[in-house]
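Next come the chains, spelled out residue by residue.
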Amino acid sequence: MVTRGATVRWFALGAALVPGLLAQDAPDEVETESGLRYVDLRIGDGESPGSGDGVEIHYVHTREDGTVVEETREWGDPVRFRLGGRTPVSPLFEEGLRSMCAGGLRRLRIVPEPDAREPAGALGSGPPGVPLLYEVELVSVRHPPPRPAYDETKLERNASGVAWTVLAPGSGEALDSGRIAGLQLSAWLADGRLVECTPLSGRSYRFLLGAAGTPGWTADLAGMRVGERRLLVVPPGSGFGEDGVPGVIPPGATLVLDVLLEEVGPPPAFPGIDPATFQRHPSGLLFRDVEVGSGPSPDRGRWTVFRYSIWLAQGETLVDGTALRGEPTRLDLGRTRLVRGLELGLLTMKTRGRRVLVIPPMLAYRGRGNGGTIPPDATLVVELEVLAVK
């Protein structure tokens, strides 16, 4: 997602999870040494999650006056993430989950500290001193898979230095350059510590083969077939180099990957950008409505669900989008800082509408660019489709 701050991917819930529960005698409230306060509304009979385990939860986030902020059941499936993983979750929220049992229901009261250093939009984070109330149901607990055993002397080795072997053959479409791959991926450091596990995180790892900014080891998957499972031993030069990923992957780390290729598909087609077909916003943003739509418009303080694709205008290069994430994006425009051009384009759309934007650098990343995918002073072409506003 094109944001000025941290990328935020969010979820929701609202109203009591168990009707009539609040009419029962109020259970005792517990306060921990860290300041977390909770009440068990239902004790589960399953196991408790530990560090590295995957959890599935539903939750209702409300303000103290009872106003519902988020309700995950409105979106259907439970929220999935791995404790200690990369999904942004506040330490107090994690603490509240760790002592629950699967099947349990708990009300959490979290008051963020002024000096808390948490990612923007982390679950259980908010303005310092403002209480956050959550009713959380722990649906299930899942354990990470074991790292596959292998004999390094029997692995094939590519010129890149990546060593690999096939764990299970596939018979589907082969992965070629310019195609989008969807993987299930687990990654360990050489010492056996798990650093990523998409099956526990509820998402796949997706990339455009051959695109700039993708890890070097992805090139070694060319020719892999859908259904095939491989083990890869990835040296730093084809992984995350001498920089690593702060807090996740140490500098100069060798990685062991277990990857399953689930799907291969084409990238979205670049839309035509003939200036004569666009309207101009006073800000300099160009837009063309493919379909106007007829439902409510996105607004700050409401959840917007939409699909998007983003290209560099020069070279027509796909740099981000729903096709690379595997699912529509959900966000509250009042809590997520988008680049100005994208925000302007969304706020004036309607549900079920489709629109193409041409965003000049002054409404995007100006002269600073964004990472290794969007260069300085880049014009962006964005295709949007608003699916729902709640």
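The shown structure was predicted, so the numbers you read here are calculated from the model rather than taken from an experiment.

Structural notes on the overall build of the protein
A tally of helices and strands in the protein yields 3 helices and 21 strands. Here the C-alpha atoms of the protein give a radius of gyration of 23 Å, agreeing with the 21 Å that 2.2 N^0.38 yields for 390 residues. In terms of overall dimensions, the protein has C-alpha extents of about 65 × 65 × 40 Å along its principal axes. When burial is assessed residue by residue, the protein has 47% of its 390 residues classed as buried.

Re the pairing of strand S9 (residues 163–168)
For strand S8 (residues 156–157) and S9, the ladder comprises 2 bridges, and the chain directions are antiparallel. When the bridges of S9 are listed, Arg-157 appears paired with Ala-163. Linking S8 back to S9 in an antiparallel pair, the connection comprises 5 residues, with Gly-161 at a positive phi of about 95°. Relative to strand S13 (residues 229–234), S9 runs antiparallel, the two sharing 5 bridges. Across the sheet, residue Ala-168 finds its bridge partner in S13, namely Arg-229.

Structural notes on unusual backbone geometry
Phi angles above zero are rare outside glycine, and Glu-316 is one such case at about 55°. With respect to the secondary-structure elements, Glu-316 resides in the loop between strand S17 (303–312) and strand S18 (317–321). Of note in the backbone geometry, Arg-366 takes a positive phi value of approximately 50° without being a glycine. By the secondary structure assignment, Arg-366 is in the loop between strand S20 (354–359) and strand S21 (380–389). Note on Arg-366: relative accessible area 49%, which makes it partly exposed.

Description of the pattern of salt bridges
Note on pairing: side chains with opposite charge can pair once their charged atoms come close. In the structure shown here, the tally under the stated rule is 21 salt bridges. The shortest N-O distance in the salt bridge between Asp-258 and Arg-229 comes to 2.7 Å. Placement of Asp-258 in strand S14 (residues 255–265) and of Arg-229 in strand S13 is noted, with a sequence separation of 29 residues between them. Note that Arg-354 and Glu-291 form a salt bridge whose closest N and O atoms lie 3.7 Å from each other.

Observations concerning the confidence of the model for the protein
Looking at the protein as a whole, the pLDDT averages 88, with 92% of positions reaching at least 70. In this model residues 1–24 is a low-confidence stretch, pLDDT under 50, and it forms 87 contacts with partners more than four residues away in sequence or in other chains.

Considering helix H1 (residues 91–98)
Turning to H1, its buried residues number three or more, namely Leu-92, Phe-93, Glu-94, Gly-96 and Leu-97. Considering only its buried residues, H1 is in contact with strand S3 (54–62), strand S5 (79–82), strand S6 (105–110) and strand S7 (132–142).

A word on the environment of Val-389
Secondary-structure assignment places Val-389 in strand S21. Owing to a relative accessible area of 11%, Val-389 belongs among the buried residues under this scheme. In this structure the C-alpha to C-alpha distance between Val-389 and Arg-352, which are 37 residues apart in sequence, comes to 9.8 Å. If we skip the residues at most four places from it in the chain, Val-389 touches Pro-296, Ser-297, Pro-298, Arg-302, Trp-303, Thr-304 and Thr-351.

Comments concerning the packing of aromatic side chains
Taken as a whole and assessed by the stated rule, the structure comprises 9 aromatic pairs. Taking 5.5 Å as the distance between ring centres and 85° as the angle between the ring planes, the aromatic pair formed by Phe-270 and Trp-311 counts as edge-to-face. Of the two residues, Phe-270 is situated in the loop between S14 and strand S15 (279–280) and Trp-311 in strand S17; the sequence distance between them amounts to 41 residues. Judged by its relative accessible area of 2%, Trp-311 is buried. Through a chain of ring-to-ring contacts, three or more aromatic side chains come together here, namely Tyr-59, Phe-93 and Tyr-134. When the ring centre of Tyr-38 is taken as origin, the NZ or CZ atom of Arg-106, which lies over that ring, is 3.8 Å away.

What to know about helix H3 (residues 340–347)
By the criterion of burial, H3 is predominantly enclosed, with 7 of the 8 residues buried. For H3, the secondary structure elements touched by its buried residues are S17, S20 and S21.

A few points about the pairing of S20
Consecutive side chains along a regular strand alternate between the two faces of the sheet. Counting buried positions along S20 yields 5 of 6 residues, so the element is predominantly enclosed. By the bridge criterion, 5 bridges tie strand S16 (residues 286–291) to S20 in an arrangement that is antiparallel. Bridge pairing in S20 links Phe-287 to Leu-357. Direction of pairing for S20 relative to S21: antiparallel, over a ladder of 6 bridges. Across the sheet, residue Leu-357 finds its bridge partner in S21, namely Val-382.

Some points on the side chain of Thr-304
Among the structural elements, Thr-304 can be located in strand S17. The residues contacting Thr-304, other than those within four sequence positions of it, are Pro-298, Asp-299, Thr-329, Arg-330, Leu-331, Leu-333, Val-386, Ala-388 and Val-389.

Observations concerning the nonpolar core
The biggest cluster of nonpolar side chains holds 28 residues, and the ones touching the most others in it are Leu-342, Leu-346, Leu-357, Ile-359, Leu-380, Val-382 and Leu-384. For this core, the secondary-structure elements that each account for two or more residues are S17, H3, S20 and S21. For this core, the element with the highest residue contribution is S21, accounting for 5 residues. Those residues in contact with Leu-346 that lie beyond four places of it in its chain are Pro-298, Phe-306, Leu-333, Leu-338, Leu-384 and Val-386. Among the nonpolar cores identified, the runner-up in size contains 24 residues, and Leu-175, Leu-189, Leu-221 and Val-264 belong to it.

About the cut-offs
- Residues numbered from 1 in each chain as written.
- Predicted model: local features only at pLDDT ≥ 70, side-chain atom pairs only at ≥ 80, totals over all residues.
- Heavy atoms only, no water.
- Helix = DSSP H or I, 4+ residues; strand = E, 2+ residues; numbered from the N terminus.
- Rg over C-alpha atoms; globule rule 2.2 N^0.38 Å.
- Buried < 20%, exposed > 50% of the residue type's maximum accessible area, 1.4 Å probe, protein only.
- Pairing = 2+ DSSP bridges.
- Salt bridge = Lys/Arg side-chain N within 4 Å of Asp/Glu carboxyl O.
- pLDDT = per-residue confidence, 0-100.
- Contact = heavy atoms within 4.5 Å.
- Phe/Tyr/Trp six-rings, centres within 6.5 Å; stacked < 30°, edge-to-face > 60°.
- Lys NZ or Arg CZ within 6 Å of the ring centre and 35° of its normal.
- Core = buried A, V, L, I, M, F, W, Y, C linked by side-chain atoms within 4.5 Å.

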